[in-house]
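Fold and geometry: a report
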Amino acid sequence: MPVTLVVGGQWGDEGKAKIIDYLARDVDVVVRYQGGANAGHTVVVGSEKFAFHQVPSGILYPKVTCVLGGGMVIDPLALVAEIDGIVSRGVDTTGRILVSAQAHLVLPYHVLLDCDSEDRRSDGGIGTTRKGIAPAYADKARREGIRMADLLRTPASLRDLVSDRVRENNRILKARGLKPLSPKKVADSIMAARARLAPLVADTRPVLWDAVAAGRRVLCEGAQGSLLDIDHGTYPYVTSSSCTAGGAATGTGLPPSAFDRIVGIFKAYCTRVGNGPFPTEETGSVGEKLREIGREYGTTTGRPRRCGWFDAVAARTVVKLNGMTDIALTKLDVLDTFPSVKVCNAYRMGKRTVDVFPADARDVEQVTPKYETLPGWKEATAGRRLEDLPRPAIDYIRHLEGLVACPIHLVSLGPERSAMVRIPRGPSTALGA
Ligand code: IMP
């Protein structure tokens, strides 16, 4: 049975959780493959709002097993708190959460170092979530990380390992003028987390292989977005993991040949939190209107998101990078009141026209977007069926499909589970000529 992968197509916050929640109804396993507590996924069920950070959002379906994959960096204390929060709201997680033995731990010194690096940068910083993500991945690459497998050591051995790492990192903290951490206190907190998390730790690779071989349906959930990918994003204004489709194989242990559907999630406009180039950003009233109507404030940090028009150059590039088979377009309803909508279909760079998102962020800084203006629909679309959508809204969807060369199969028209329109395969027929 093939594996479906859900990938963010922009700078994160595309509304992946809602699409994953929609697709998870029909799956047996949901697995996260990268990132950590920097992610913030919101799902609205009736009058209830659930915010997820490290646990895959499939947890709301009782038959779904949730796997935190080996490509993640996991804050153990935050994970315990998140699981407790989910349980306290009546969700039975017993036997339904597995944590890869290969995933790395985020420790308190990672958080301090992340914050300090941000505060020191003369350019205003990357604008990280301050959750310790980059230092944790740096330790992984330096081969100095602590992995979930280490929670299965004897208590004395784990205590020694954590205390040693704290002492080593205290040297760095002191050199930066920061207060050192108590090795004992950190080790105590990890021992407490160990008691809760060790039973969840497993070699999740055979679990996933066996699930695929047995014909169970597996959904891979990406966090952040393709333009924040450590290699393909606007480096250095990126996160520290591989958010794009390639990361799903390394981050889960599923082979690339297992993935047969790659769903790209795009907002009907663009947003970005943190710093770094954003060609279609609108800093005036249009950006403000998108932010207010779209409630564009971070789930993890509460920061206002930067907003702008849909960037088809970036989207087209991301479709190719990920090999996206289809797209879910989210928050189309946010555009309901705009008299006209703009789409960037090319960049101007000096005298050249560019139709591929540049590989270097300094080039992205230099481009000027070329826009097309399409008529708005000035009607509420939330809760409507496909055949009842206003013509200009359908034209907008069709136009985006053409520009990015990938069919749009789902359109989300509001935060509620029910506010979703499915466009059957063969989109041009479904949407009319
Ligand atoms: P970090 O992942 O905390 O190191 O932050 C690096 C960059 O990625 C910053 O610009 C963050 O704002 C951005 N970022 C990290 N996680 C998310 C997310 O879940 N949504 C949107 N942006 C994110």
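Scoring rules and cut-offs
- Residues numbered from 1 in each chain as written.
- Predicted model: local features only at pLDDT ≥ 70, side-chain atom pairs only at ≥ 80, totals over all residues.
- Heavy atoms only, no water.
- Helix = DSSP H or I, 4+ residues; strand = E, 2+ residues; numbered from the N terminus.
- Buried < 20%, exposed > 50% of the residue type's maximum accessible area, 1.4 Å probe, protein only.
- Areas by Shrake-Rupley, 256 points an atom, 1.4 Å probe, with all protein chains shown as cover.
- Lys, Arg positive; Asp, Glu negative; His and termini not counted.
- Charge placed at Lys NZ, Arg CZ, Asp CG, Glu CD.
- Pairing = 2+ DSSP bridges.
- Salt bridge = Lys/Arg side-chain N within 4 Å of Asp/Glu carboxyl O.
- Near = heavy atom within 4 Å.
- Polar contact = N/O pair within 3.5 Å; in protein donor to acceptor, adjacent residues only side chain to side chain.
- Domains from an automatic or database assignment.
- Contact = heavy atoms within 4.5 Å.
- Buried area = accessible area lost by both parts, 1.4 Å probe.
- Nonpolar A, V, L, I, M, F, W, Y, C, P; charged D, E, K, R; others polar.
- Axes fitted to C-alpha atoms, helices over the stretch in contact; angles between N-to-C directions.
- Parallel < 35°, antiparallel > 145°, perpendicular 65-115°, else oblique.
- Left-handed = near helix turned anticlockwise from the far one by under 90°.
- Core = buried A, V, L, I, M, F, W, Y, C linked by side-chain atoms within 4.5 Å.
- 1 Å grid on protein atoms, 1.4 Å probe; cavity = no way out; pocket = protein on both sides within 12 Å on 5 of 7 lines; lining within 4 Å.
- Points joined across faces, edges and corners; volume = space filled by probe spheres on them.

**Some words on the overall build of the chain**
Within the chain one finds 13 helices and 20 strands. Here the C-alpha coordinates of the chain stretch approximately 70 × 50 × 40 Å along the principal axes. Counting across all 433 residues of the chain, residues that qualify as buried make up 56%. Taken as a whole, the chain presents about 17500 Å² of accessible surface, with 53% of it coming from carbon and sulfur. Side chains of the chain give 57 positive and 48 negative charges; the mean places of these two sets differ by 2 Å.

**Examining the pairing of strand 7 (residues 97–100)**
Regular strands place their side chains on alternate faces of the sheet. Residue alternation in strand 7 divides its side chains into two sets, Ile 97 and Val 99 and Leu 98 and Ser 100, and both sets are buried. Across three bridges, strand 5 (residues 65–68) lies against strand 7 in parallel orientation. In the strand pairing of strand 7, Cys 66 is matched with Ile 97. As paired strands, strand 7 and strand 9 (residues 201–202) are joined by two bridges and run parallel to one another. For Ser 100, the partnering residue across the bridge sits in strand 9 and is Ala 202.

**Considerations on the pattern of salt bridges**
Taken as a whole and judged by the stated rule, the model has 28 salt bridges. Across the salt bridge formed by Asp 119 and Arg 130, the nearest N and O atoms sit 2.8 Å from each other. With a gap of eleven residues between them, Asp 119 in helix 3 (residues 108–120) and Arg 130 in the loop between helix 3 and helix 4 (133–142) connect regions that are remote in the sequence. In this structure Asp 119 comes out as exposed when scored by relative accessible area, which is 54%. You can call Arg 130 partly exposed: its relative accessible area is 34%.

**Topic: the site of the ligand**
The local shell around the ligand holds 17 residues, among which Asp 13, Asn 38, Thr 129, Thr 239 and Arg 303 are the closest. For the ligand, an oxygen atom lies 2.5 Å from a polar atom in the side chain of Thr 129. At 3.3 Å, a backbone N or O of Val 273 approaches an oxygen atom of the ligand. For the ligand, whose accessible area on its own is 470 Å², the fraction buried by protein is 97%.

**A closer look at the domain arrangement of the chain**
According to the domain assignment, the chain contains domain 1 (3–100 + 203–431) and domain 2 (104–200). Counting residues at the interface gives 32 residues for domain 1, matched by 24 residues for domain 2. Roughly 2300 Å² is buried in total at the junction of domain 1 and domain 2, and carbon and sulfur atoms are behind 61% of that figure. Its largest share of buried area at the contact with domain 2, domain 1 owes to Val 73, Pro 76 and Ser 240, together 24% of the area lost on that side. For the interface between domain 1 and domain 2, the tally reads one salt bridge. Asp 84 is paired through a salt bridge with Arg 196; the nearest N and O atoms lie 2.8 Å apart. Taken together, the connections running from domain 1 to domain 2 amount to twelve residue pairs in polar contact (both at pLDDT 80 or more). Here the side of domain 1 that touches domain 2 gets six residues from one element, more than from any other, and that element is helix 2 (residues 76–88). Split by residue class, the side of domain 1 that touches domain 2 holds 15 nonpolar, 14 polar and three charged.

**Topic: the packing of helix 3 against helix 5 (residues 155–175)**
Between helix 3 and helix 5, the least distance of the axes is 10 Å, while the angle of their chain directions is 15 degrees. For the element pair helix 3 / helix 5, the angle class is roughly parallel. As for the relative orientation of helix 3 and helix 5, their crossing is left-handed in sense. Judged by residue contacts, Tyr 109, Leu 112 and Leu 113 of helix 3 engage Arg 165, Val 166, Asn 169, Ile 172 and Leu 173 from helix 5.

**Concerning helix 8 (residues 245–252)**
Counting buried residues along helix 8, six of its eight residues qualify, which places the element largely inside the surrounding structure. Where the residues of helix 8 are buried, they touch strand 1 (3–8), strand 2 (29–32), helix 7 (204–213), strand 10 (218–221), strand 11 (259–267) and helix 10 (312–322). Positive backbone phi, approximately 90 degrees, marks Gly 253, located one or two places after helix 8.

**Quick word on the sheet that holds strand 7**
Strand order in the open sheet formed by ten strands is 9-7-5-2-10-1-11-15-19-20, with mixed pairing between adjacent strands. Edge positions in the sheet fall to strand 9 and strand 20 (420–422), since each of these pairs with one other strand and no more. Judged from the four bridges that link them, strand 2 and strand 10 form a sheet pairing that is parallel. The residue bridging Val 30 from the neighbouring strand is Leu 219, located in strand 10. With respect to the sheet, helix 10 is in contact with strand 1, strand 11 and strand 15 (326–330), its orientation differing from that of strand 11 by roughly 160 degrees.

**Remarks on the nonpolar core**
Judged by nonpolar contacts, the single largest core of 71 residues is most densely connected at Phe 310, Leu 332, Leu 335 and Tyr 396. Among the elements that line this core, the one with the most residues is helix 12 (residues 391–404), at seven residues. Dropping the residues within four chain positions of it, Tyr 396 is found in contact with Ala 268, Phe 310, Leu 332, Leu 335, Val 341, Val 343, Leu 374 and Trp 377.

**Quick notes on empty space enclosed by the protein**
For the coordinates displayed, the defined rule picks out one cavity of 30 Å³ or more. Approximately 40 Å³ is the volume attributed to the largest cavity. Every residue along the wall of the largest cavity is listed here: Phe 266, Phe 310, Ala 315, Ile 327, Leu 329, Leu 400, Val 404 and Ile 408. Secondary structure elements with two or more residues in the lining of the largest cavity: strand 15 and helix 12. Looking at side-chain class alone, the lining of the largest cavity contains eight nonpolar, no polar and no charged residues.

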